[in-house]
Amino acid sequence: MEPDTLRGDGGDVYWRRRMTLLVGVLVVVAVVAWACSGGSEGPKSPTASGASASASPSADPVLAGLPSITPSPTPSPTVTKPSVKPAAARPRRPGQPCDRKDLVLSLQGRQEVYAGDARPGFVYTLVNTGPVMCTFDVGPRAIEFRITSGADRIWSTSDCVAGSGEQVERLERGVPYVKTVDWDRRRSGESCGGKQPVALPGTYVAVVDTGEMRSRKSVFHLR
């Protein structure tokens, strides 16, 4: 270009063209930058689903594999009542009535077979095993010596007893009270006058009975 063309009016036209071109380039660059930034819609607001998702905390992957823990109930205190010891039994004093559990009653026959006119004989004993001496009624009403044959009551020491028949004995510890009985082979009963019928040959059973205690049976035979 000739230098003259830059002078005067021609020079002004030239620079206006250059400025117009530069402004156009800047506008294009601005439009491209604006388009890349999202256009004219402006910043997007979070959707409802997004807000809901952000409000709910996500599961912790560290705790996901652990078992759930249920709090155990608080144990209530246990009240233990003090044990009450039974009152100690008072020691027995010498001379008091014997306690049933301290007595042992036994019976022994002289033999098993009695022939002819032989009288059956027996011995019974009463032993105090308690800690001290005690007293016990050994009279014929309190201790009955009885002979039976099956269901037939043959003879008893409690039949035809005169008076009260009471006989209280002092039983020392371990010292037996001994009583012997001989049977005349006759029956006894409510009728005490005259002679009673003689028992027939057969098998008989003797026993000693106090009402609370009973000896073992002694079996014997009359021939």
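Everything here concerns the structure above.
Residues numbered from 1 in each chain as written. Predicted model: local features only at pLDDT ≥ 70, side-chain atom pairs only at ≥ 80, totals over all residues. Heavy atoms only, no water.

A few words now on unusual backbone geometry. Unusually for a residue other than glycine, Cys160 sits at a positive phi of about 55°. Judged by relative accessible area, which is 45%, Cys160 ranks as partly exposed. With phi around 75°, Arg185 is a residue other than glycine that occupies positive phi space. Tracing the chain through its elements places Arg185 in the loop between β8 (177–182) and β9 (202–209). (Buried < 20%, exposed > 50% of the residue type's maximum accessible area, 1.4 Å probe, protein only. Helix = DSSP H or I, 4+ residues; strand = E, 2+ residues; numbered from the N terminus.)

On to the sheet that holds strand β3 (residues 121–128). Overall, antiparallel pairing links the three strands, which are arranged β1-β3-β8 in an open sheet. In the strand order of this sheet, the two ends are held by β1 (103–109) and β8, each with one partner. Averaged over neighbouring strand pairs, the angle between their axes works out to 15° when direction is ignored. By the bridge criterion, six bridges tie β3 to β8 in an arrangement that is antiparallel. By the bridge assignment, Leu126 is partnered in β8 with Tyr177. (Pairing = 2+ DSSP bridges. Axes fitted to C-alpha atoms, helices over the stretch in contact; angles between N-to-C directions.)

All right, on to the nonpolar core then. Ranked by size, the top nonpolar core spans 27 residues in total, and within it Leu126, Phe136, Phe145, Ile147, Trp183 and Phe220 carry the most contacts. Among the secondary structure elements, those contributing two or more residues to this core are β1, β3, β4 (134–137), β5 (144–149), β6 (152–156), β8, β9 and β10 (218–222). (Core = buried A, V, L, I, M, F, W, Y, C linked by side-chain atoms within 4.5 Å.)

Strand order in the open sheet formed by five strands is β2-β10-β9-β5-β6, with mixed pairing between adjacent strands. What marks the edges here is a single partner per strand, and that holds for β2 (113–114) and β6. The pairing of β5 with β6 spans four bridges and is antiparallel. The residue bridging Ile147 from the neighbouring strand is Trp155, located in β6.

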